[in-house]
Amino acid sequence: MNTEVPSSCASFLAFDFGLKRTGVAVGNRMLRTATPQSTLRAEGDARWPLIAARIAEWQPDALVVGVPFHPDGGEHENTARARRFARQLRGRFGLPVYEVDERYTTTEAHAGGARDADAAAAAIILEQFLRSLS
């Protein structure tokens, strides 16, 4: 999936993008684990200063964005929104951005009893990404 990730990329900040809430998680390549962070509750341009603060706090080598698809793999409105968010991250922060298929991550987060399903979904997205690295 993400075999082109250079080994110099060791730490990651992941996002489960939503129009009103964006889940956030941090993780690293060595441990291949992710830790949920508090969800960003902001819409539109109001989210960017919050994201900038997280990036400044964690200093990740790269970013990961969950991209949703229909169960059959087809794209929908939120697929385009998540990809646009990924492009904006790349443009604003100059960091590599990797996209991950995030089908069922929110469902998995709810099934796991997560208090903050968006943050838990971001952690699931990041762990899937980390497991895909060689």
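Criteria and cut-off values
- Residues numbered from 1 in each chain as written.
- Predicted model: local features only at pLDDT ≥ 70, side-chain atom pairs only at ≥ 80, totals over all residues.
- Heavy atoms only, no water.
- Helix = DSSP H or I, 4+ residues; strand = E, 2+ residues; numbered from the N terminus.
- Rg over C-alpha atoms; globule rule 2.2 N^0.38 Å.
- Buried < 20%, exposed > 50% of the residue type's maximum accessible area, 1.4 Å probe, protein only.
- Contact = heavy atoms within 4.5 Å.
- Areas by Shrake-Rupley, 256 points an atom, 1.4 Å probe, with all protein chains shown as cover.
- Lys, Arg positive; Asp, Glu negative; His and termini not counted.
- Charge placed at Lys NZ, Arg CZ, Asp CG, Glu CD.
- Pairing = 2+ DSSP bridges.
- Axes fitted to C-alpha atoms, helices over the stretch in contact; angles between N-to-C directions.
- Phe/Tyr/Trp six-rings, centres within 6.5 Å; stacked < 30°, edge-to-face > 60°.
- Parallel < 35°, antiparallel > 145°, perpendicular 65-115°, else oblique.
- Left-handed = near helix turned anticlockwise from the far one by under 90°.
- Nonpolar A, V, L, I, M, F, W, Y, C, P; charged D, E, K, R; others polar.

K.L.:
Quick question: what am I supposed to make of the overall build of the protein chain here?
P.N.:
Across its full length, the protein chain holds four helices and five strands. Listing every helix and strand of the protein chain by position from the N terminus yields β-β-β-α-β-α-β-α-α. A compact globule built from 134 residues would reach a C-alpha radius of gyration of about 14 Å, and the protein chain, at 13 Å, matches this within 12%. With the C-alpha coordinates of the protein chain rotated into their principal frame, the extents come out at 30 × 30 × 30 Å. Counting every position in the protein chain, which comprises 134 residues, the buried fraction comes to 46%. Pairs at least 24 residues apart make up 63% of the contacts formed inside the protein chain by residues separated by at least 6 positions. By element, 51% of the accessible surface of the protein chain is carried by carbon and sulfur atoms, the whole surface being about 6,900 Å². Charged side chains of the protein chain number 16 positive and 16 negative; the gap between the two group centres comes to 3 Å.

K.L.:
What is the right way to look at unusual backbone geometry in this model?
P.N.:
Most peptide bonds take the trans configuration, and most residues that are not glycine carry a negative phi. Positive phi values are uncommon outside glycine, yet Arg-32 reaches one of about 55°. Relative to the helices and strands, Arg-32 is located in the loop between strand S2 (21-28) and strand S3 (33-41). The backbone of Gln-59 shows a phi angle near 50°, a positive value even though the residue is not glycine. With respect to the secondary-structure elements, Gln-59 resides in the loop between helix H1 (47-58) and strand S4 (62-67).

K.L.:
In this structure, what is going on with the sheet that holds strand S5 (residues 97-101)? I would like to understand it.
P.N.:
Either a parallel or an antiparallel arrangement is found when strands of a sheet pair, and the pairing is made through backbone hydrogen bonds. The sheet built from five strands is open, its strands ordered S3-S2-S1-S4-S5 with mixed pairing. The open sheet is flanked by S3 and S5, the only strands paired with a single partner. Between one strand axis and the next, the sheet turns through 25° on average, direction left out of account. Pairing between strand S1 (residues 11-16) and S2: six bridges, direction antiparallel. Bridged to Phe-12 within S2 is Gly-27. Sheet strands touched by H1: S1, S2, S3 and S4. Its angle to S3, the strand with the most contacts, is close to 150°. The sheet contacts of helix H4 (residues 117-132) involve S1, S2, S3, S4 and S5, and relative to S2 the element is tilted by about 40°.

K.L.:
Can you help me understand the packing of aromatic side chains in this one?
P.N.:
Any pair of aromatic rings gets described here by the distance separating the centres and the angle formed by the planes. Enumeration according to the criterion identifies six aromatic pairs in this entry. Measuring from ring centre to ring centre gives 5.7 Å for Phe-15 and Phe-85, while their planes differ by 85°; the resulting arrangement is edge-to-face. Of this pair, Phe-15 sits in strand S1 while Phe-85 sits in helix H2 (residues 77-93), and the two are 70 residues apart along the sequence. As far as the burial class goes, Phe-15 and Phe-85 line up, both buried. Every member of this aromatic cluster is reached through a ring pair, and the members are Phe-15, Phe-17, Trp-48, Phe-85 and Phe-93.

K.L.:
Sorry if this is basic, but what is going on with the packing of H1 against H2 here?
P.N.:
How two helices pack is summed up by the angle between their axes together with the distance between the axes. Across the interface, H1 lies against H2 with an axial gap of 12 Å and an inter-helix angle of 60°. In terms of axis orientation, H1 runs oblique to H2. Handedness of the H1/H2 crossing: right-handed. Residues Arg-47, Trp-48, Ile-51, Ala-52 and Ile-55 of H1 form the contact with H2, whose own contacting residues are Phe-85, Gln-88, Leu-89, Arg-92 and Phe-93. By residue class, the composition of the contact of H1 with H2 is seven nonpolar, one polar and two charged.

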